[in-house]
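# Structural description and commentary
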Amino acid sequence: MLNITLGQYYPGNSFIHQLDPRTKILATLLLIVAVFLADAAVGYGILCAMVVLIVSVSGIPFMMVLKSVKPLLLIIVMTLMLHVFLGQGEHVLYQWKIFKVTEEGLQMGVKMSMRLILLLMISSILTFTTSPIVLTDGIESLLRPFRVIGVPAHELAMMMTIALRFIPTLMEETDRIIKAQTARGADFSGGNLLSRAKNMLPILVPLFISAFRRADDLAVAMEARCYRGGEGRTRMHELAYRSGDFVAFAFTFAMIGLLAFLRWGPSLF
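Residues numbered from 1 in each chain as written. Predicted model: local features only at pLDDT ≥ 70, side-chain atom pairs only at ≥ 80, totals over all residues. Heavy atoms only, no water.

## Topic: the overall build of the protein chain
Along its length, the protein chain carries 10 helices and 2 strands. Long-range contacts, defined here as pairs at least 24 residues apart, represent 72% of the contacts in the protein chain between residues at least 6 apart. If you sum the accessible surface of the protein chain, you get close to 16,600 Å²; carbon and sulfur atoms cover 69% of it. (Helix = DSSP H or I, 4+ residues; strand = E, 2+ residues; numbered from the N terminus. Contact = heavy atoms within 4.5 Å. Areas by Shrake-Rupley, 256 points an atom, 1.4 Å probe, with all protein chains shown as cover.)

## Considerations on the packing of helix 7 (residues 153–183) against helix 9 (residues 201–224)
Each pair of packed helices gets described by two things: the angle between the helix axes and the distance between those axes. Close contact between helix 7 and helix 9 brings their axes to 10 Å; oriented N to C, the two are set at 140 degrees. When the axis of helix 7 is compared with that of helix 9, the two are oblique. The two elements helix 7 and helix 9 meet at a crossing, and its hand is right-handed. Contact residues: helix 7 offers Ile 162, Phe 166, Thr 169, Leu 170, Glu 173, Thr 174, Ile 177, Ile 178 and Gln 181, while helix 9 offers Pro 202, Ile 203, Pro 206, Leu 207, Ser 210, Ala 211, Arg 214 and Leu 218. Among the residues making up the contact of helix 7 with helix 9, the classes are represented as 11 nonpolar, 4 polar and 2 charged. (Axes fitted to C-alpha atoms, helices over the stretch in contact; angles between N-to-C directions. Parallel < 35°, antiparallel > 145°, perpendicular 65-115°, else oblique. Left-handed = near helix turned anticlockwise from the far one by under 90°. Nonpolar A, V, L, I, M, F, W, Y, C, P; charged D, E, K, R; others polar.)

## Regarding the nonpolar core
Core analysis: the biggest nonpolar cluster contains 27 residues, and Leu 47, Met 50 and Val 51 have the highest contact counts within it. Looking at this core, the elements that each hand over two or more residues are helix 1 (21–37), helix 2 (41–58), helix 5 (103–128) and helix 10 (243–268). When neighbours within four sequence positions are excluded, Leu 47 is seen to be in contact with Ala 34, Val 35, Ala 38, Leu 118 and Leu 259. If you look at the next biggest cluster of nonpolar residues, it comprises 5 residues, including Ile 25, Leu 126, Ile 139 and Ala 157. (Core = buried A, V, L, I, M, F, W, Y, C linked by side-chain atoms within 4.5 Å. Buried < 20%, exposed > 50% of the residue type's maximum accessible area, 1.4 Å probe, protein only.)

## Some points on the packing of aromatic side chains
In this structure the tally under the stated criterion is 3 aromatic pairs. Between Tyr 241 and Phe 246, the ring centres sit 6.4 Å apart and the planes meet at 45 degrees, which makes this aromatic pair tilted. For Phe 246, a relative accessible area of 54% corresponds to the exposed category. Between Tyr 241 and Phe 249, the aromatic rings sit 6.4 Å apart at their centres with planes inclined by 55 degrees, giving tilted as the arrangement. Each residue in the set Tyr 241, Phe 246 and Phe 249 is aromatic and connected to the rest through ring pairs, giving one cluster. (Phe/Tyr/Trp six-rings, centres within 6.5 Å; stacked < 30°, edge-to-face > 60°.)

## So, a nonpolar patch on the surface
Residues Leu 73, Val 77, Met 81, Leu 82, Phe 85, Leu 86, Leu 93, Tyr 94, Trp 96, Phe 99, Leu 106 and Val 110 make up a contiguous nonpolar surface patch of about 1,100 Å² in total accessible area. Elements with a contribution of two residues or more to the nonpolar patch: helix 4 (73–86), strand 1 (92–96) and helix 5. Within the secondary structure, Leu 82 is located in helix 4. (Patch = residues over 30% accessible without salt bridge, like charges linked within 9 Å, V, L, I, M, F, W, Y side chains within 5 Å. Salt bridge = Lys/Arg side-chain N within 4 Å of Asp/Glu carboxyl O.)

## Thoughts on the packing of helix 1 against helix 6 (residues 132–143)
Viewed as axis vectors pointing N to C, helix 1 and helix 6 meet at an angle of 70 degrees, and their least axial separation amounts to 8 Å. Regarding the angle of helix 1 to helix 6, the classification is roughly perpendicular. Contacts from Pro 21, Arg 22, Ile 25 and Leu 26 of helix 1 reach helix 6 at Val 134, Leu 135, Gly 138, Ile 139, Ser 141 and Leu 142. Of the residues in the contact of helix 1 with helix 6, the class split is 7 nonpolar, 2 polar and 1 charged.

## A short note on helix 9
Over its 24 residues, helix 9 runs 34 Å from end to end, which matches the ideal 34 Å to within 8%, given 1.5 Å per residue. Along helix 9, the residues that are buried comprise Ile 203, Leu 207 and Ser 210. Directly beyond the C-terminal end of helix 9, a positive phi value near 60 degrees is found at Cys 226. (Expected span 1.5 Å × (residues − 1).)

## Let's talk about the environment of Asp 39
With respect to the secondary-structure elements, Asp 39 resides in the loop between helix 1 and helix 2. Sequence separation between Asp 39 and Trp 264 is 225 residues, and the spatial gap between their C-alpha atoms is 9.8 Å. Setting aside residues up to four positions removed in sequence, Asp 39 forms contacts with Tyr 44, Lys 111 and Arg 263.

## Looking at the pattern of salt bridges
Here the idea is simple: oppositely charged side chains can pair when their charged atoms come close. Summed over all chains, the structure comprises 5 salt bridges. One salt bridge connects Glu 173 with Arg 176, and the closest N-O pair in it is separated by 2.7 Å. Residue Glu 173 and its partner Arg 176 are located together in helix 7, separated by 3 residues, close to a single helical turn. Classification of Glu 173 by relative accessible area gives buried; the value is 14%. Classification of Arg 176 as partly exposed rests on a relative accessible area of 48%.

Written as structure tokens, this is what we have:
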């Protein structure tokens, strides 16, 4: 459970940490689009080099970013296996009864797995380098133009940030409950799949009770502080774009342009 790093903030004073939160959110969305533009080994190599460069500049330990992939490692492996053994293609590398491994299926499985890994790492860099409060301000600022069509910008930003904030807390609570139940003789590793599912009940029930209690405490605390939403509220630090933000945008668009050229450019010439 402690391997889940989503929502954790790694304090620092790097170039990435000092960027405007709106810049980091938009750049993350654009880099996610860039991941889907990659179609060959060269494109994925460029994306991997880009992630390594961003992590190096941010000062975050690389192993901490890799830990963000571990909770979904099973899904990544399953995605790879499904494409390898069930993918269609003409060049058969290995066949056993109804299962066959084709060169095209293997390539597609590696591509899909790399996309998942890159998406997780890019998203983790955003939360590692942006505190929840600053992230709330950035999301609210980006959603503010949509208030004319009835989008509750402040409420949505607050809900998303609170959800991210409590992920590490719930993970620690889950780990504490598992250790307490194990000390009482509970077995979470033995038996078949059905028995393991039944053994999860002693974990889920106290976890849900704890989550609802924390949510109620948070609501009471907000009410006690006369919290009524974002209308008329001021901020200690006003958001403003600086020269570093434009450098980050230029780097992001250059990356998208390079990947788009690698995918469609050769066919145009």
